[in-house]
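Next come the chains, spelled out residue by residue.
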Amino acid sequence: MIQFIFKGIIRDRSRSTLPIIVVSIGVFLTVLLSGWMKGIFTDMIDMNANFSTGHVKIITRAYAENESQIPNDLALLGTDTLVPLLQKQFPQAEWVERIQFGGLLDVPDKNGETRAQGPAFGKGIDFSSPESKEASRLNIQHSLVQGTLPTKRGEAIITDDFAKRFNVKPGDKVTVFGSTMDGSMAFKTFIVSGTVRFGSTLLDRGAIIIDLADARDMLDMDNAASEVLGYLKTGQYNDEEANAIRDSFNTKYSNPSDEFSPVAQTLRQQNSLGQYLDMAENMSAIMTFIFVFAMSIVLWNSGLLAGLRRYTEYGIRLALGENKGHIYKTMIYEAILIGIIGTIIGSIIGLAATYYLQEVGLDFSSMTKNVTMMLPPVYKAKITPELFYIGFFPGLIATVLGNALAGFAIYKRKTARLFRELEV
Amino acid sequence: MNNNIIEIKQLTKQFPVGSSFFTALRDIILTFDKGEFTGLVGPSGSGKTTLLNIIGSLDTPSKGEAIVLGKSISKLTHKEAAQLRNRHIGFIFQTFNLLPVYTVFENIEFALLLQHLSAGQRKKAVMEALEWVGLTDKAKSKPAQLSGGESQRVAIARAMVKRPELVIADEPTANLDSENSHHILKTMKQLNRDLKVSFLFATHDEKVMQYLDRKIILKDGKVVEDNVLEAINL
Ligand SMILES: Nc1ncnc2c1ncn2[C@@H]1O[C@H](COP(=O)(O)OP(=O)(O)OP(=O)(O)O)[C@@H](O)[C@H]1O
Ligand SMILES: [Mg+2]
């Protein structure tokens, strides 16, 4: 019987072409959009993790309260013992120290007089240890517009927007003014080794990146750091692992009554990333739901039209002794066959398009110029194993639902009526 | 067991028309024996198709009873009626009604598919039915490639392939020319004789009359005449 139905579908294009096209398009969009949205959210989360939150972040309780002000007077102390401790206790993660600071960037002229000045956001990261992955974590090499990464102490990277605005080139000097941990004035002059553009307006507005040791020097932060970030060695954020580290750390080392005691936070707890994580997780489900809904309606209607055209066929089959339940069942089998064919076609095209967007991506950076969120510059898709099968949910549910609804109208018709339609 | 395969007792059929009813058949009393070759004759609207549909278990009586092959039509469930049609009753229509996407072979095979016969059994039965109607060479053709006469012969094969007790034919010659009409009538007559299948026609067609061995005239839903005839012998 299945063979009989299959022949009918293959030979009668009017029965199969439109539904297969509808299913293919729906599945294609489901696969592509799931993969793409997943990619975007994953990139966004990774970018946040790399630049700001880590997978787990350790700061002091007091710093946590006023984090946006970068209060280095409340920075973590004794990181020379804290970091080795973390490495030992939580070897599943890599632990890095960072210093954040706010300050004034001063560009001197030939005579050392101020030529231009502007506020800047500073970051001290570990450029110099040979095992440090910080430069690649921040994707600095790929973001370079001019010059090179710092190769020695006393060199700095500044954002290209800033460099353009103040007409600074690699090799020029800039002086950073800030305040030390205990509130006195701090300044240090750096040689610009290169300029970068990350593609995120928030990061590109005005930033200077220097070596952690230089930052310590300048800000009097020996054995101190604004934050210690933990990155899971799997490279992927994972709630369970991050929570385990946080909980274990907080019970052992965090004292709620001491505002200088360290406290661990997971990525989910910061920058409202929890929401985005959930969206990334549920993207396939959301897309599947949307397309099941949209496609069912289209298929229901096309099924009704096809059903009307096939009243004659149903009438003949009834006369030949097929019962209505059986006819209804064959309509569902037809739906399943069409759903499978459409899903396979749609999934192949969808995966191909997703692969293309994974490798190439679409550049939306000009559109997101004024967005203050940390967004990736190029929106890339991500092929995940589930993309290979999620198409079957909308593909099959929608065709079966569409045909079931359409078939119901036929099912409810009286045998004699269906049959009578044979004669006209 | 007696010889009668259809027994119609005081059968009335009414169709709802607006808020009242139209009576298409009125107090019909008829019996049919096994092996008859009978025609229902009468002007358009006299109720021929309505009566055939009830006998064919596609419709049910409003009043009275129609007992077909020992089963009371009004008491059958939808499934039982389908079963009765599938096993015991063959249909032939004025407009042939072959399924256009399927080949001649597949059209004939369909009823057997519903009976869950094996592929070998199906093939044997279909080829035999094609032999009866002289179309073995058209097994792989599509209905669109057949002439009207050939199509109707395929329809006969489709009705006959399951070896039914009864074949119901509603105006089987109305869309055929004279030569083809005679051809298919001869074919049916032969099957009637050789396989002892009962045939029940609805027709206006004078050509059909000479083949009938019983003619029932309907008028306004009533039987007005019921005559046994001297049919041509082949
Ligand atoms: N479903 C229905 N609803 C209302 N009236 C119907 C229905 N079916 C048949 N009728 C009416 O019943 C009467 C008998 O119809 P039927 O089709 O049995 O006639 P017939 O003898 O087969 O005519 P023809 O020779 O034109 O085929 C007609 O007047 C027809 O309009
Ligand atoms: Mg009629």
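Residues numbered from 1 in each chain as written. Chains lettered and ligands numbered in written order. Predicted model: local features only at pLDDT ≥ 70, side-chain atom pairs only at ≥ 80, totals over all residues. Heavy atoms only, no water.

Right, let's talk about the overall build of chain B for a bit. In terms of regular secondary structure, chain B is built from seven helices and ten strands. Counting only C-alpha atoms and orienting by the principal axes, one finds that chain B spans roughly 50 × 40 × 40 Å. The burial tally for chain B puts 56% of its 234 residues in the buried class. Expressed as a percentage of contacts within chain B between residues at least 6 apart in sequence, the contacts between residues at least 24 apart total 70%. A total accessible area of about 10,200 Å² is found for chain B, and carbon and sulfur atoms account for 49% of it. Of the side-chain charges in chain B, 30 are positive and 26 negative, and the distance between the mean point of each set is 5 Å. (Helix = DSSP H or I, 4+ residues; strand = E, 2+ residues; numbered from the N terminus. Buried < 20%, exposed > 50% of the residue type's maximum accessible area, 1.4 Å probe, protein only. Contact = heavy atoms within 4.5 Å. Areas by Shrake-Rupley, 256 points an atom, 1.4 Å probe, with all protein chains shown as cover. Lys, Arg positive; Asp, Glu negative; His and termini not counted. Charge placed at Lys NZ, Arg CZ, Asp CG, Glu CD.)

If you look at the interface, chain B gives 27 residues, while chain A gives 26 residues. Counting across the interface, chain B meets chain A through two salt bridges. Between Lys7(A) and Glu106(B) there is a salt bridge, and its shortest N-O distance comes to 2.8 Å. The interface formed by chain B and chain A holds seven residue pairs in polar contact (both at pLDDT 80 or more) in total. Of all elements in the fold, only helix H1 (48-55), helix H2 (78-88) and helix H3 (104-114) of chain B reach the threshold of two or more residues within the side of chain B that touches chain A. When its residues are assigned to classes, the side of chain B that touches chain A shows twelve nonpolar, seven polar and eight charged. (Salt bridge = Lys/Arg side-chain N within 4 Å of Asp/Glu carboxyl O. Polar contact = N/O pair within 3.5 Å; in protein donor to acceptor, adjacent residues only side chain to side chain. Nonpolar A, V, L, I, M, F, W, Y, C, P; charged D, E, K, R; others polar.)

Around ligand 1 there are 14 residues in total, and Ser44(B), Gly45(B), Lys48(B), Thr49(B) and Thr50(B) lie nearest to it. Each of chains A and B places residues near ligand 1. Between ligand 1 and Gly47(B) there is a distance of 3.0 Å, counted from an oxygen atom to a backbone nitrogen or oxygen. Interatomic distance of 3.3 Å between a side-chain N/O atom of His204(B) and an oxygen atom of ligand 1. In isolation ligand 1 has 640 Å² of accessible area, and contact with the protein removes 70% of it. Breaking the shell around ligand 1 down by element, the ones donating at least two residues are strand S2 (20-33) and H1 of chain B. Among the elements that line the shell around ligand 1, the one with the most residues is H1(B), at three residues. (Near = heavy atom within 4 Å.)

Residues and elements named next belong to chain B. Pairing between strand S1 (residues 4-17) and S2: ten bridges, direction antiparallel. By the bridge assignment, Val17 is partnered in S2 with Ser20. Taken together, S1 and the strand that follows it, S2, pair antiparallel across an intervening segment of two residues, in which Gly18 is found at a positive phi of about 60°. (Pairing = 2+ DSSP bridges.)

Right, let's get into the domain arrangement of chain A. According to the domain assignment, chain A contains domain 1 (2-47 + 275-423) and domain 2 (56-236). Placing the centre of domain 1 of chain A and that of domain 2 of chain A at their C-alpha centroids yields a distance of 50 Å. (Domains from an automatic or database assignment.)

This paragraph deals with unusual backbone geometry. Residues and elements named next belong to chain A. Positive phi is not limited to glycine here, since Asn223 has a value of about 55°. Counting through the fold element by element, Asn223 comes out in the loop between helix H9 (212-219) and strand S10 (224-225). Of note, the phi angle at Ser272 is positive, near 45°, even though the residue is not glycine. Looking at where Ser272 falls in the secondary structure, it is placed in the loop between strand S12 (262-266) and helix H11 (273-309).

On to helix H10 (residues 239-253) of chain A, then. All names here are of chain A. The end-to-end C-alpha distance of H10, which contains 15 residues, comes to 21 Å, matching closely the 21 Å that a straight helix rising 1.5 Å per residue would cover. Among the residues making up H10, those that are buried are Ala242, Ile245, Arg246, Phe249 and Asn250. Take H10 and look down its axis: the buried residues cluster within an arc of 120°, on one side only. The exposed set on the far side of H10, more than 90 degrees from its buried face, consists of Glu240, Thr251 and Lys252. Elements that come into contact with the buried residues of H10 comprise strand S1 (56-60), helix H4 (79-89), strand S3 (93-108), strand S11 (227-232) and S12. (Expected span 1.5 Å × (residues − 1). Arc of directions from axis to C-beta.)

Moving on, we get to the pattern of salt bridges. What the rule picks out here adds up to 35 salt bridges over all chains. The closest approach of N and O atoms between Arg197(A) and Asp160(A), which form a salt bridge, is 3.2 Å. Here Asp160(A) lies in helix H7 (residues 160-165) and Arg197(A) lies in the loop between strand S8 (185-196) and helix H8 (201-204), a separation of 37 residues in the sequence. As a salt-bridge pair, Asp194(B) and Arg193(B) come within 3.1 Å of each other at their nearest N and O atoms. Arg193(B) gets classed as partly exposed once you look at its relative accessible area, which sits at 43%. Each of Asp12(A), Arg15(A), Arg310(A), Glu313(A), Arg317(A), Glu322(A) and Glu334(A) takes part in a single network of salt bridges with overlapping partners.

This brings us to the nonpolar core. Grouped together as the largest cluster of nonpolar side chains are 41 residues, with contacts concentrated most on Ile58(A), Leu86(A), Trp95(A) and Val228(A). Looking at this core, the elements with two or more residues in it are helix H2 (13-53), S1, H4, S3, S11, H10 and H11 of chain A. The leading source of residues in this core is H11(A), at nine residues. Two domains each donate at least three residues to this core, and these are domain 1 (2-47 + 275-423) and domain 2 (56-236) of chain A. Other than its neighbours up to four places away in sequence, Ile58(A) contacts Leu76(A), Leu82(A), Leu86(A), Trp95(A), Glu227(A), Val228(A), Phe249(A), Pro262(A), Val263(A) and Ala264(A). Core analysis: the second largest hydrophobic core is formed by 38 residues, Leu98(B), Ile156(B), Met160(B) and Leu212(B) among them. (Core = buried A, V, L, I, M, F, W, Y, C linked by side-chain atoms within 4.5 Å.)

Looking now at the pairing of S8(A). Residue and element names in this part refer to chain A. Sheet topology note: the strand S5 (residues 144-147)/S8 ladder contains three bridges and is antiparallel. By the bridge assignment for S8, Gly147 is matched with Gly194. In this sheet, S8 lies alongside strand S6 (residues 155-159) in parallel orientation, the contact comprising five bridges. What sits directly across from Glu155, in S8, is Ile191. Between strand S7 (residues 173-179) and S8, which pair antiparallel one after the other, the connecting turn spans five residues, and Gly183 there sits at a positive phi close to 95°.

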